[in-house]
Amino acid sequence: MQDALQTQKTVIVVGAGPAGLMSAEGICAAGHQVHVYDAKPSACRKFLLAGVGGMNITHSEAYSEFIQRYYDKAEWLSTPISQFNADALCEWIHDLGIETFVGTSGRVFPKDMKAAPLLRNWLKRLRDSGVQFHMRHKMVGLSANEVVFDHAGDSVVVQADAIVLAMGEPVGQS
Ligand SMILES: Cc1cc2nc3c(=O)[nH]c(=O)nc-3n(C[C@H](O)[C@H](O)[C@H](O)COP(=O)(O)OP(=O)(O)OC[C@H]3O[C@@H](n4cnc5c(N)ncnc54)[C@H](O)[C@@H]3O)c2cc1C
């Protein structure tokens, strides 16, 4: 217990989109204390938009074809994607209690094609694991071990052993 406490780090994740939540899950599973901050009042707002038109989560094609969908980034991404491939993603979703099906296009969808049930179960699992969420905190400053947030007009300074930036694409590039 003492050893665990000595090696446990405090990690800030800025951005409560899918990338931030996935980072938080991995870091928390490694035994660290995770605080997720987001400018918006709730998590994964863009991800929820994906559920409006029917959210696909991955593709069922063979890895050799799948990786080519990343075009010039395929080589760079081959290690992480082969370590957490489409099958692993489906297993991860099934673990959250969400069933999937493969559409005629080969794309994989949650059975009800919605993002909200998946998000609800995911957030619960993260909270139950100890991940703490701080919404309405907009990052306005950053140094090696410190983040400055604007929270309802107040400046909030938070220190951490590590900081993960998962803030999505800049406005106008998505
Ligand atoms: C209409 C639509 C349909 C889509 N359909 C699909 C689909 O079917 N399947 C699929 O896989 N993908 C789909 N996508 C894409 C998917 O939603 C994105 O790829 C995904 O949300 C990107 O995740 P992210 O975590 O990188 O970024 P985001 O989801 O953009 O999350 C970034 C987070 O960072 C926060 N943030 C930004 N700046 C700051 C700051 N300064 N301080 C604090 N917080 C900050 C934002 O508030 C946000 O919550 C769709 C997107 C849209 C818009």
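Before reading further, recall that the structure is shown in the block above.
Now for a look at the structure at hand. (Residues numbered from 1 in each chain as written. Predicted model: local features only at pLDDT ≥ 70, side-chain atom pairs only at ≥ 80, totals over all residues. Heavy atoms only, no water.)

For the rest of this paragraph, the subject is the site of the ligand. Looking at the ligand, there are 19 residues lining it, with A19, D38, A39, N56 and M139 nearest. Contacts to the ligand include A39, whose backbone N or O atom sits 3.1 Å from a nitrogen atom. Compared with its free state, where it exposes 990 Å², the ligand has 66% of that area covered by protein. Going through the elements one at a time, α2 (18–29), α3 (45–50) and β7 (138–143) are the ones with two or more residues in the shell around the ligand. Element by element, the count of residues in the shell around the ligand is highest for α3, at 3 residues. (Near = heavy atom within 4 Å. Polar contact = N/O pair within 3.5 Å; in protein donor to acceptor, adjacent residues only side chain to side chain. Areas by Shrake-Rupley, 256 points an atom, 1.4 Å probe, with all protein chains shown as cover. Helix = DSSP H or I, 4+ residues; strand = E, 2+ residues; numbered from the N terminus.)

Attention now moves to the side chain of E25. As for its position among the elements, E25 is in helix α2. According to the relative accessible area criterion, E25 is buried, its value standing at 15%. (Buried < 20%, exposed > 50% of the residue type's maximum accessible area, 1.4 Å probe, protein only.)

Turning our eyes to something else, we now look at the sheet that holds strand β4 (residues 100–102). Spatially, β3-β5-β4 is the arrangement adopted by the 3 strands of the open sheet, whose pairing is antiparallel. The open sheet has two edge strands with one neighbour each: β3 (58–59) and β4. By the bridge criterion, 3 bridges tie β4 to strand β5 (residues 107–110) in an arrangement that is antiparallel. What sits directly across from T100, in β5, is P110. (Pairing = 2+ DSSP bridges.)

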